[in-house]
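# Topology and contacts: notes
Each chain is listed here by its residues.
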Amino acid sequence: MSFLAPLFLFGAFAVAAPVLFHLIRRSPQGKMPFSSLMFLTPSPPRLTRRSRLDHLLLLLLRAAAFCLLVLAFARPFLREAAALNREAADRQRVVVLVDTSASLRRGDLWAQTLAAAEATLTKLRPQDEWAVLAFDQGTRPVVGFAELAALDPGQRPALAMSRLKELTPTWQSTELAEALIEAVGVVNEGADKTEQTARGARRVVLISDLQQGSRIEALTDFEWPRDVELELRTVAIQGGNASVSLLGGDDSPSTSERGDLRVRVTNEADSTGENFQLRWRGDADATDASPIAVYVPPGESRVVRLPKPNDPANQRRVELLGDAQPFDNTLFVATRPVDEVEVFYVGAERTDDATQLRYYAERALAEAPGRSVSVKTIAPDGALPELQPRKTPLVVLGTEAGESQRAGLRAYLESGGTVLSVLTAAGAHETLAMLCGLPAIESTEGVLSDYAMLGQIDWRHPLFAPLAGAQYNDFTKIRFWKYRRLAADLLGEARVVAAFENGDPAVIEKLVGKGRLVVLTAGWQPGDSQLSRSSKFVPLMQSMLALYDPGLFEARSYVVGERVRLPAQPAGATEFNIQQPDGSPITLPADAETFADTAEPGVYALDLPAGRQDFAVNLDPRESRTSPLPVETLEQWGARLTNEERRAQQAEQSRQLRDVELEGRQKLWQWLVVAVLAVLIAETWLAGRLSRPSLNQAEGLAS
Amino acid sequence: MSTVARNTAGGSRASGAASGFIDPATLMRIKSLQMRAQAVVEGFMSGIHRSPYFGFSVEFSEYRQYSPGDDPRYLDWRLYARSDRYYLKRFEDETNLRCYLLVDTSRSMGYSSIGYTKSDYARTAAATIAYFLSTQRDAVGLLTFEDEVVGYLPPRYRPGHLRHVMAALQREPEGKATNLVAPLQQIAATVRKRGLVVMISDLLAPVDVLATHLGYLRSQGHEVILLRVLDPAEVTFEFQTPAMFQDIESQRELYVDPLAAKAGYLERFNAHADALRKICENQGIELVTIRTDRALEMVLFDLLRLRMSRSRRAARRPGGRGGGRG
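Here the structure is a predicted model, which is why all the values come from computation and not from measurement. (Residues numbered from 1 in each chain as written. Chains lettered and ligands numbered in written order. Predicted model: local features only at pLDDT ≥ 70, side-chain atom pairs only at ≥ 80, totals over all residues.)

So, about the overall build of chain A. Secondary structure assignment for chain A yields 15 helices and 35 strands. Scored against the burial criterion, the 703 residues of chain A give a buried share of 33%. Put simply, of all contacts in chain A between residues at least 6 apart along the chain, 73% involve residues at least 24 apart. (Helix = DSSP H or I, 4+ residues; strand = E, 2+ residues; numbered from the N terminus. Buried ≥ 20, exposed ≤ 12 C-beta atoms within 10 Å, placed from the backbone. Contact = placed C-beta atoms within 7 Å.)

What follows covers the overall build of chain B. Helix and strand content of chain B: 11 helices and 11 strands. Within the span of chain B, comprising 326 residues, buried residues form 39% of the whole. Contacts in chain B between residues at least 24 apart in sequence constitute 77% of all its contacts with a sequence separation of at least 6.

Turning our attention to the interface of chain A and chain B. Contacts between the two partners involve 18 residues from chain A and, on the opposite side, 26 residues from chain B. Classifying every residue of the side of chain A that touches chain B gives nine nonpolar, six polar and three charged. (Nonpolar A, V, L, I, M, F, W, Y, C, P; charged D, E, K, R; others polar.)

Okay, the sheet that holds strand β31 (residues 585–589) of chain A next. Residues and elements named next belong to chain A. A sheet is described by the order of its strands in space; here five strands give the open sequence β28-β34-β33-β30-β31, paired in mixed fashion. On the outer flanks of this sheet lie β28 (558–559) and β31, each paired with one strand and no other. Relative to strand β34 (residues 611–618), strand β33 (residues 602–608) is paired through seven bridges, and the arrangement is antiparallel. Note on β34: the bridge partner recorded for Asp607 is Arg612. (Pairing = 2+ DSSP bridges.)

Moving on, we come to the packing of helix α9 (residues 357–366) of chain A against helix α12 (residues 537–546) of chain A. Residue and element names in this part refer to chain A. One can describe the packing of α9 onto α12 by two numbers: an axis separation of 9 Å at closest approach and a directional angle of 75 degrees. Comparing their axes, α12 and α9 come out roughly perpendicular. Where α9 abuts α12, its residues Tyr360, Ala361, Ala364 and Leu365 lie against Phe537, Val538, Met541 and Leu545. (Axes fitted to C-alpha atoms, helices over the stretch in contact; angles between N-to-C directions. Parallel < 35°, antiparallel > 145°, perpendicular 65-115°, else oblique.)

A separate point is helix α10 (residues 403–414) of chain A. All names here are of chain A. Compared with an ideal rise of 1.5 Å per residue, which puts 12 residues at 16 Å, α10 spans 18 Å between its outermost C-alpha atoms and is within 8% of the ideal. Every buried residue of α10 is listed here: Gln405, Leu409, Arg410, Tyr412 and Leu413. All buried residues of α10 lie within an arc of 160 degrees about the axis, which places them on one face of the element. Opposite its buried face, α10 presents the exposed residues Ser404 and Ala407, each directed more than 90 degrees away. Where α10 is buried, its residues contact β16 (339–346), β19 (394–397), β20 (418–422), α11 (430–436), β26 (505–512) and β27 (515–520). One or two residues past the end of α10 sits Gly416, with phi positive at roughly 120 degrees. (Expected span 1.5 Å × (residues − 1). Arc of directions from axis to C-beta.)

What follows is about the confidence of the model for chain B. All names here are of chain B. With 80% of its residues at a pLDDT of 70 or more, chain B has an overall mean of 77. The lowest-confidence element of chain B is helix α1 (residues 3–19), averaging 39 in pLDDT; the highest-confidence one is strand β8 (residues 223–230), averaging 90. Overall, residues 50–58 carries pLDDT values under 50, and its contacts beyond four positions in sequence, including any with other chains, amount to 35 contacts. Here residues 318–326 is modelled with pLDDT under 50, and outside its nearest four sequence neighbours on either side it reaches 17 contacts, counting other chains as well. Across the interface, the model reports ipTM at 0.73; the global pTM reads 0.48. (pLDDT = per-residue confidence, 0-100.)

Next up on the list: the sheet that holds strand β22 (residues 442–445) of chain A. Residue and element names in this part refer to chain A. Taking strand neighbours across the sheet as the criterion, the three strands line up as β21-β22-β24 in an open arrangement whose pairing is antiparallel. Sheet topology places β21 (427–428) and β24 (484–485) at the edges, where each strand pairs with a single neighbour. Sheet topology note: the β22/β24 ladder contains two bridges and is antiparallel. Looking at the pairing, Thr444 lines up with Arg485 of β24.

Residues and elements named next belong to chain A. It is the contact of helix α4 (residues 109–123) with helix α6 (residues 156–166), at a shortest axis distance of 10 Å, that shows an interaxial angle of 165 degrees. In terms of axis orientation, α4 runs roughly antiparallel to α6. Here α4 and α6 pass one another in a crossing that is right-handed. Only Pro157, Ala160, Met161, Leu164 and Lys165 of α6 make contact with α4, whose side of the interface consists of Leu114, Ala117, Glu118, Leu121 and Thr122. Here the contact of α4 with α6 is built from residues that sort into seven nonpolar, one polar and two charged. (Left-handed = near helix turned anticlockwise from the far one by under 90°.)

Here we take up helix α7 (residues 176–188) of chain A. Residue and element names in this part refer to chain A. If you check α7, its first and last C-alpha atoms are 18 Å apart, about what 13 residues at 1.5 Å a residue would give, namely 18 Å. Looking only at α7, the buried set comprises Leu176, Ala177, Ala179, Leu180, Glu182, Ala183, Val184 and Val187. Buried residues in α7 make contact with β4 (93–99), β5 (129–135), β6 (139–143), β7 (202–208) and β8 (228–234).

Residue and element names in this part refer to chain A. Judged from the five bridges that link them, strand β30 (residues 575–579) and β31 form a sheet pairing that is antiparallel. Pairing of Glu575 across the sheet is with Pro589, part of β31. By the bridge criterion, three bridges tie β30 to β33 in an arrangement that is antiparallel. Its bridge partner being in β33, Asn577 is matched across the sheet by Asp607.

On to the pairing of β16 of chain A, then. Residue and element names in this part refer to chain A. Summarising the sheet, β16 and strand β18 (residues 371–378) pair through eight bridges and their orientation is parallel. Following the sheet pairing, Val341 is matched in β18 by Val373. Bridge analysis of β16 against β19 gives four bridges, and the strand direction is parallel. Along β19, the bridge assignment pairs Val343 with Leu394.

Leu101, Leu102, Ala126, Ala130, Val198, Ile200 and Leu227 of chain B are the most contacted members of the largest nonpolar core, which totals 62 residues. Among the elements that make up this core, the one with the highest residue count is helix α5 (residues 118–135) of chain B (10 residues). In this structure, Val395, Ala401, Val422 and Val512 of chain A belong to the second largest nonpolar core, which totals 55 residues. (Core = buried A, V, L, I, M, F, W, Y, C linked by C-beta atoms within 7 Å.)

This brings us to unusual backbone geometry. A positive phi angle, near 50 degrees, is found at Lys667 of chain A, a position not held by glycine. Here Lys667 of chain A falls in the exposed class, since 11 other C-beta atoms lie within 10 Å of it.

Note: predicted coordinates in regions of low pLDDT should not be interpreted at a detailed level. Residue and element names in this part refer to chain A. Across chain A, pLDDT averages 82, with 86% of residues at or above 70. Confidence drops under pLDDT 50 across residues 194–199; counting only partners more than four residues distant or on other chains, this segment forms six contacts. In the predicted structure, residues 249–253 sits below a pLDDT of 50 and forms one contact with residues beyond four places in sequence or in another chain.

What follows is about the environment of Leu217 of chain B. Residues and elements named next belong to chain B. Along the polypeptide, Leu217 turns up in helix α8 (residues 210–219). Here Leu217 falls in the buried class, since 21 other C-beta atoms lie within 10 Å of it. Sequence separation between Leu217 and Ala188 is 29 residues; the distance between their C-alpha atoms is 5.8 Å.

A few words on the environment of Trp669 of chain A. Residues and elements named next belong to chain A. Looking at the secondary structure, you find Trp669 in helix α15 (residues 668–702). Once the C-alpha coordinates of Trp669 and Leu71 are considered, the two residues, 598 residues apart in sequence, prove to be 7.6 Å apart. Trp669 has contacts with Ala72 and Arg75, leaving out every residue within four places of it along the chain.

Written out as structure tokens, the structure reads:
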């Protein structure tokens, strides 16, 4: 028998109270003021006749009535009948979410994770429905609901554990929010179909190291369902972590002008060590550089310039020494050979003539990051070698090319090269006409009262796009003293990239075959304009150089799991060959646009017709932020956390609800009240009988 | 209050009505002390009382044979002419009495079991005496005391003085203890002229120290009367139910079962009363014990009876001090 309100049972003690008080002492009934106590002495408490128990049976009856009343108030009920229903109502739907991100490679975290998973799974009851998901950068099922439902309840944890033990931590980062949203979806799916389960609790059990590098921002856009709870099983090890990462994002160069590599060394706040070393390593652990000492206090980071070793073979990776957690201590670096290109200048000027075009062009084109440019001059009557756009991305015509050169230039243009033609004098432009495939093109001298400025610029054009930023796009300081007036439509289908204030074209582009013909109607030499002396000149010339797209592979540093955009293959190539860090090859079809299988950090090699291109894949720097995330953060992001205490509380609440229902059905208290009435009737009868002799006596006395 | 108290009150009403006096409970409902006093005195008597002292006044009293040393001024020469003997003429001497009323206003006087307190009764008695005396042109002084002397009005007979006396009597009892010695010391120290000292108190205090100071007053020639005012419950202790008895003055509490404690109480109470009586007898002091359910006129009766008997005794006493004045 159970009681709905067992506290009422304490009321039964009240039965004893009057009896006890009566027997122990008669307490004074009040205060009696008296003029003086000088004649009074204190009286000892005494036993009077009234303090003895007279009618024991009567007392017992009254006590029994009281006790029955107390029992009725305690609302007793029989629990046995309800045991089975309760199990069914308790059925839970649970998704166990196991973290397999790279940070679990620390210490024995993976063993802890497996142990936590095992503890969680064995605690689940036979009537529960559950599934196991693993997640890092993506979420993947380990065991599903349907698969487990087909099994005997006793075998389910064993199957799930055997699957989990096949897993190992990957090198990927932690997309916690995505995984949680996925898990909530999984736990909620099919909820509408099985109404019985829908009423039970739904729970996501997250087994993770809950590192600060986890991405949980996406939870803001997610409305966490009211009936799904998140239970945390965090695994942790003592001691912090230090890591090395390439500095900067995609845009900022990680190498300085001198060729040093700039890396950031980060030390977590809970670290114990603060003295580290950085060292270059080549293939087969070869090294020819001495380590560089780095001091990083816990919770801080330092940027270090690493001079590159002399031998490029030793520039494969940077190692961080002195950290207890080695998983993120290697930074892979892909080195790219310097691209050597040539620019041909057609003209007959002297190299040191500062009034002519060549002097400036040579200097503006010479230095470029990642490639070395050599400017070669050909006299208009000289022989033009066969030009390859890949090797010679730009030809500058400072004057009319010789007749022997024009066909070669035309062929060069059509194969994809860029020809920059500068109109230094008005008149007929035969080379231009030949290149455009037109009979003749003639220009006149532009009429200027004082000077001209660029009035309209197409900022979207690759020539001007790098200068489109608000801080760079002021061209009003560049004055043009002279220009040649050339209507754009004279060139056929041509595009005016920039025009003077009066509308006359300044820069015209015409596509010829695969290549581009760019016409400048004014020169940059001081006699024509101030262009060569402005800050815009070098970027403009570099943009000219880049107008030819060699289809080179962008060999920046990637993180694990990131898709690598592959270059377009030239026609005829059949497939991509990629060599993984461990040496195993991967073959991709020729029309593949991306390579997604960057599963582990290292240097990958891509075989291209232009040569072998390396690219480095590194660990996501966020994964190195291993300090545990405060549990409250998840709640702040909207997750409904549960813990054992709250769950026990809820179980207790539901048990009470069931008890109330059960008691309401059984209504034993009504029978108890009937019993109370019966006892009271007996008591009244007995009391009447006991008082009768005294009445008789009184009557006898009276008579 | 217990049933005993009610019975006592009822009894007093019955006795008051039967004896033709004013029921004290009825009397206490009159608010003004002076009205109460008037009511009592007017129903009592009027006129003068005889002086206890023989002097030379208007009204002849008796002859006494001359003895050497008597004042020759009072020789009755006519009688000498008739009888050839020397006689002194003696007269009834009408003196103005100086009466000191010593009224206990300590908090123990505030006890009541019959509807009005001992203090009410004592103050009414004092007011009655004061009024009565003032109607006879006697000087009345008032000294109220508790654990020390609270107020003192020297005896006067002049218009308005009685009002002051009444006002001083109106004061409610407050004192936490009773010190019977302080007022006696004050009277002995300040009053040189002989007079009548009437102390009205419940005398619920140790009496051993009382003897010395009463004796000292007596030796100064004062006539001393102790009016002991007691509540009926204090005399009979007819309580039934056990209770925490609380001392009105000290607030001390004592668990008392009256049925068990009554005998001891009465024994100690009577022993205290006997001791008091013995002291008074030794010192020639009149002790009158009055229960508050007794009619107030009886107080006046007692007082006058005592005075008469005293004056007679004094008169009879040969060579007594009372008759030897002059």
